[in-house]
Amino acid sequence: MSTASVLGRPSPCMRQTSESMDRVRLLCVAALVAGLAIIPAAAGARAPSAQPLHAVVVGHARFEVLSSRLIRLEYAPDGHFEDRPTMVGRDRTPSAAFTASRSHGVLTIRTAAIELRYRVGSGPFTARNVTVSSRNGAWSAHPSWPAGTAPRSSAPGNLGGWVRALDDRAGPVPLHQGLLTRGGWYLLDDSIDPVVSERPPRFAVRHTATGYQDGYFFGYGDHYLRALRDLRTLTGPAPLLPRTAFGVWFSRYYAYSAADYPRLVRQFRHNDVPLDTISIDTDWKRQPSPLSPVLAGAVVGSTQAWSWNGWEWNSTLFPHPKRFIGWAHRHGIAIALNIHPSIDSTDPKYDETVAKTGALPLDAMCTLQQIDPLGECHVFDLTQRRQINAYFALHAPVAADGVDEWWLDWCCDATTASAAGLTPDTWLNLLYAKQLRAQGSRWLVLSRVGGSHQGDDPVAGPGPGIFAEHRYAIHFTADTCATWAMIGFEAKLSAEEGNVGLPYVSHDIGSFNGAPIRKQCSATAASSGSKLPAAMYARWVQLGAFQPILRLHSNHGARLPWEYGPSVDKAAADALRLRERLVPYLYTLGRRAYDSGQPIVRSLYLQWPRLHAAYRHPAEYTVGDDVLVRPVTAAGNPAPARVWFPPGRWVDYFTGQTYVGPSHRTLSVPLDRMPVFVRAGAVLPMQPDVPHSTPGPRDHLVLTVFGAQRGSGRLYDDAGRGFGYQHGAFSWIRFRHTATAGGQRLRIGAATGGFPGSLATRAWKVRFRDVARPRAVRVAGRAVHWSYDPTTRTLTVRTGELATSRSWTVRVVS
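Calculation criteria
- Residues numbered from 1 in each chain as written.
- Predicted model: local features only at pLDDT ≥ 70, side-chain atom pairs only at ≥ 80, totals over all residues.
- Heavy atoms only, no water.
- Helix = DSSP H or I, 4+ residues; strand = E, 2+ residues; numbered from the N terminus.
- Salt bridge = Lys/Arg side-chain N within 4 Å of Asp/Glu carboxyl O.
- Core = buried A, V, L, I, M, F, W, Y, C linked by side-chain atoms within 4.5 Å.
- Buried < 20%, exposed > 50% of the residue type's maximum accessible area, 1.4 Å probe, protein only.
- Contact = heavy atoms within 4.5 Å.
- Phe/Tyr/Trp six-rings, centres within 6.5 Å; stacked < 30°, edge-to-face > 60°.

## Here we look at unusual backbone geometry
Trans is the common state for peptide bonds, and a negative phi is the common state for residues other than glycine. Going from Pro200 to Pro201, the amide bond is cis rather than trans, its omega being 5°. Following the sequence through the fold, Pro201 ends up in the loop between β12 (195–196) and β13 (203–204). For His104, which is not a glycine, the phi torsion comes out positive at approximately 55°. Structurally, His104 can be placed in the loop between β6 (99–103) and β7 (106–110). The backbone of Lys519 shows a phi angle near 65°, a positive value even though the residue is not glycine. Tracing the backbone shows Lys519 in the loop between β23 (505–509) and α11 (534–545).

This is the structure in structure tokens:
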């Protein structure tokens, strides 16, 4: 019999005796940093000199209990275990008690939720020698270890996850696996993921013995939100974007000039449509040759300018870039610039760059795309320190002009980031995230995720980097065509990408390419410059209003409300105004994603995992806990929409009508509305109609209470920029709503916490939806003015300025 030890002392947890498990549990209640058993290696094997305090080692196998539902399994034939962080495995701090015992050659590890059994001395982990089961008997797993593939598991019923991009797609595509499964478990294979290094280029390829295995077993049953929290802890949090990122974005592949943008912004303001971010496509770059637009026009139709890559502003369109960006910032607008990761041999920065990097490879396909008859396209290897430094040196003068955000459009150039186990997209996105943070910016790069331009989607590498992408990127899903099927698929994709930890997903709202031509989806001259079918455009913008990021974009086509007829103009503009009102709520959800790993847009099964109907409506989702959204995906005015209402009462955001679930209803939805429902009793923090959101908190906000039931809500605030939010510089306000026969009470809590720029007072406009006309309304016991709209059954109360340091009660007397 082998001897177990805890920090060198005999451990009753690991005695090979016939004591009952009850006795063992009494002896071995492991605390957070509890003594962990280290069983000596088999004869002839070299045991590591030191192990983490939460590790159990037996022979060549090591197990680290990270939470009650997450265990790391590592098999090292040479006895060399990996303690350094990897790209995915960033934080292995234990957070759960457990017991470990060995009997009849089987190691058993038990937490409060799961039990793992491994046959000692049986070699690498297989489905035959490892069993993991839930303590309540709900599921049992025999995880397998596929070699040389993208990270996946053999768990049944995977609930979907992600796809690198939707370029030139007109409808649904298969998704790669995510963390969540109907089987209740997932094995994340991290065996080839590079380790984080202090030496440039800040990663190191793993050099492991043949047969090495390293994986994370998530055993969650139907506790999906707990699984996402464990993923967030293991991989690190998704940073909180600037507040303005949650507003309205606009971009168009069109050669606007610095003089055009003020006229465009005046159109937004004249039509009372908000605007927060302008993303400038490739046209901002210097043209390589006067012949380029002529030649490009012969291929893609009439064009004013043509510049594929480039590292200087087009001085004809933007003669004073810094002045232009300063103008945008004064009008509350952030600027993002499109980047293709290559360089033309005629670029003024080419010689300087090659002097730093050495010779750069020629890319024949990119040479054709840049349409420069005098130049050649060259690309980078962004795993090489000199090339990384030279590549980002090209960005520096442009960044110094005040650019807020980079849009990495790695669709075609043969720049590489190739190293064993490295996921190229993830690495490039990490490099951009580091650069932005060094500039003091909260922005993440707008980019494709999880794979590489080279090779077939899903993954060139292969590597598990998709599970780290939330730290670095806003997922840019790219150049789709316009179909009703694509609207529904984008809704599904945004929700399911939460299953790999991605809270920020950005579609081309309205599609990039427009409608397919002869059933083909491509960026052709015929589709460029087109309008969508009117109802489809309005419905797409309505979808965007309830997405993590709303970004209007097209290939020269019309994507602005006033470019359509009056009814469509109103429907789309109303959706954009509603989006801007929702910024306080969405910003709060962004903070919750940072804290908990919960996505902003959530599949229904995250809240209702035990109801079969929650798995049958993939295009229906919630925004946070309380807002239920079912996008319209069919033509017509009104259009049909089949809605599943989860348990409880749900109030139609637009009409105030109440629905009770669980139930199904087929609704007839006019163009000026969409199926959006709020949990009865919920309190949504919103802002009044504004032309753009401010970085910091607003001193006037709107609270909307839906229905006469008990409910609650929260409001998160911080400076809106900088990184103080990661170090305690923020505040929360809680709202609690109760209803009785005598009326309703809304308690606005005192702000807890604080930050530079936090508000001492704030005025609230409180709206009670679906209520009868009251007899009186009081705030802190004092009668206040109120108004009532009997058509919508909406009561509106203005509180005046209230101190944020104390709580206040709004009482409605029936």
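## Topic: the pattern of salt bridges
Considering all chains together, one arrives at 30 salt bridges under this definition. In this structure, Asp83 and Arg62 form a salt bridge, with 2.9 Å as the shortest nitrogen-oxygen distance. In this pair, Asp83 sits in the loop between β5 (70–75) and β6 while Arg62 sits in strand β4 (residues 61–67), placing the two residues 21 residues apart along the sequence. Linking Asp574 and Lys570 is a salt bridge whose minimum nitrogen-to-oxygen distance equals 2.7 Å. On the criterion of helical spacing, the pair formed by Asp574 and Lys570 is a turn pair, its members being 4 residues apart in helix α12 (residues 566–581).

## Some details on the nonpolar core
Among the nonpolar cores identified, the biggest contains 180 residues, and Trp406, Trp427, Phe546 and Val623 are the most heavily contacted of them. If you tally residues by element for this core, the top one is α11, at 8 residues. Those residues in contact with Trp406 that lie beyond four places of it in its chain are Leu337, Ile339, His395, Val398, Ala399, Tyr432, Gln435, Leu436, Gln439, Val445 and Leu446. Ala100, Ile114, Phe125 and Trp185 belong to the second-largest nonpolar core, a separate cluster that totals 25 residues.

## As for the packing of aromatic side chains
The geometry of an aromatic ring pair is captured by two quantities: the separation of the ring centres and the angle between the planes. All told, the structure shown has 46 aromatic pairs when counted by the stated rule. Look at Tyr391 and Tyr432: their rings are 6.2 Å apart centre to centre, the planes differ by 85°, and that puts the pair in the edge-to-face class. Residue Tyr391 is located in helix α8 (residues 385–400), and its partner Tyr432 is located in helix α9 (residues 424–438); the two are separated by 41 residues in the primary sequence. Tyr432 matches Tyr391 in its accessibility class, with the two residues each being buried. With a centroid separation of 5.5 Å and an interplanar angle of 80°, the aromatic rings of Trp407 and Phe476 are classed as edge-to-face.

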